[in-house]
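Chain by chain, the residues run as shown.
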Amino acid sequence: MKRLVDLVMQLLKIQKLQMVSSRIKKCKARRQNNIMEQLILNIKNISKIPFLKELLKRLEFVEVVEPKKNPAATKKTKVLKGLEQSVKEVNLIKAGKLKGIPAKDLLNEL
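Parameters at a glance
Residues numbered from 1 in each chain as written. Predicted model: local features only at pLDDT ≥ 70, side-chain atom pairs only at ≥ 80, totals over all residues. Heavy atoms only, no water. Helix = DSSP H or I, 4+ residues; strand = E, 2+ residues; numbered from the N terminus. Areas by Shrake-Rupley, 256 points an atom, 1.4 Å probe, with all protein chains shown as cover. 1 Å grid on protein atoms, 1.4 Å probe; cavity = no way out; pocket = protein on both sides within 12 Å on 5 of 7 lines; lining within 4 Å. Points joined across faces, edges and corners; volume = space filled by probe spheres on them. pLDDT = per-residue confidence, 0-100. Expected span 1.5 Å × (residues − 1). Salt bridge = Lys/Arg side-chain N within 4 Å of Asp/Glu carboxyl O. Buried < 20%, exposed > 50% of the residue type's maximum accessible area, 1.4 Å probe, protein only.

1. A word on the overall build of the protein
The number of helices and strands found in the protein is four helices and zero strands. In the protein, the succession of α and β elements from N to C terminus is α-α-α-α. Taken as a whole, the protein presents about 11700 Å² of accessible surface, with 61% of it coming from carbon and sulfur.

Written out as C-alpha cells, the structure reads:
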C-alpha cells in the first residue's frame with residue numbers, strides 16, 4: 001500500500017512539473033510574440049502617404065495600424081468647415097461677388 005501511495009505521489013509530482021513547464025513555455029512564447037516596437041512617422045509630403053502605407057503593408061514583419069477616428073473630433077471638424085464656408089460666403093457678399101438672400105425672404109422660407 002505504501003508503495004502504491006509513493007507511486008501516486010511521484011506521478012503527481014511529475015504531472016505538476018509538466019504543468020509548470022507547460023506554463024513557462026506558454027509565457028515565454030507570449031513574451032516573444034508580444035515584443036513589438038511602435039514607430040511614428042512624420043511625413044512631409046502628404047501625397048506620398050498612400051505609397052508608404054502600401055510599401056509597409058507588403059512587409060510581412062510589419063503591421064500597419066490605422067488610427068481610430070474620434071467621432072467628436074470629426075463632428076467638430078465638420079462644424080468648423082461649415083463656419084469657414086459661411087465666413088467666405090459673407091465676405092463674397094460684402095465684396096459684391098455673390099448675391100445674398102434678404103433676411104425677410106429667408107424667414108419666409110421657414
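2. Overview of the layout of surface pockets
By volume, the largest pocket is sized at about 770 Å³. Contributing to the lining of the largest pocket are 18 residues, with Leu 39, Leu 56, Glu 63, Val 64 and Val 65 lying nearest its centre.

3. Concerning the confidence of the model for the protein
The pLDDT averaged across the protein works out to 76; a share of 67% of its residues lies at or above 70. The weakest mean pLDDT in the protein belongs to helix α1 (residues 2-34) at 60; the strongest belongs to helix α2 (residues 49-57) at 87.

4. Remarks on helix α3 (residues 71-95)
Under the 1.5 Å per step criterion, the end-to-end length of α3 is 36 Å for 25 residues, consistent within 8% with the ideal 36 Å. Of the residues trailing α3, Gly 96 is marked for its positive phi of about 85 degrees.

5. Thoughts on the pattern of salt bridges
By the definition in use, this model includes one salt bridge. Of the charged contacts in the structure, one is a salt bridge between Arg 58 and Glu 54, with a shortest N-O distance of 3.2 Å. Among the residues examined, Arg 58 registers a relative accessible area of 66% and is labelled exposed. Judged by its relative accessible area of 39%, Glu 54 falls in the partly exposed class.

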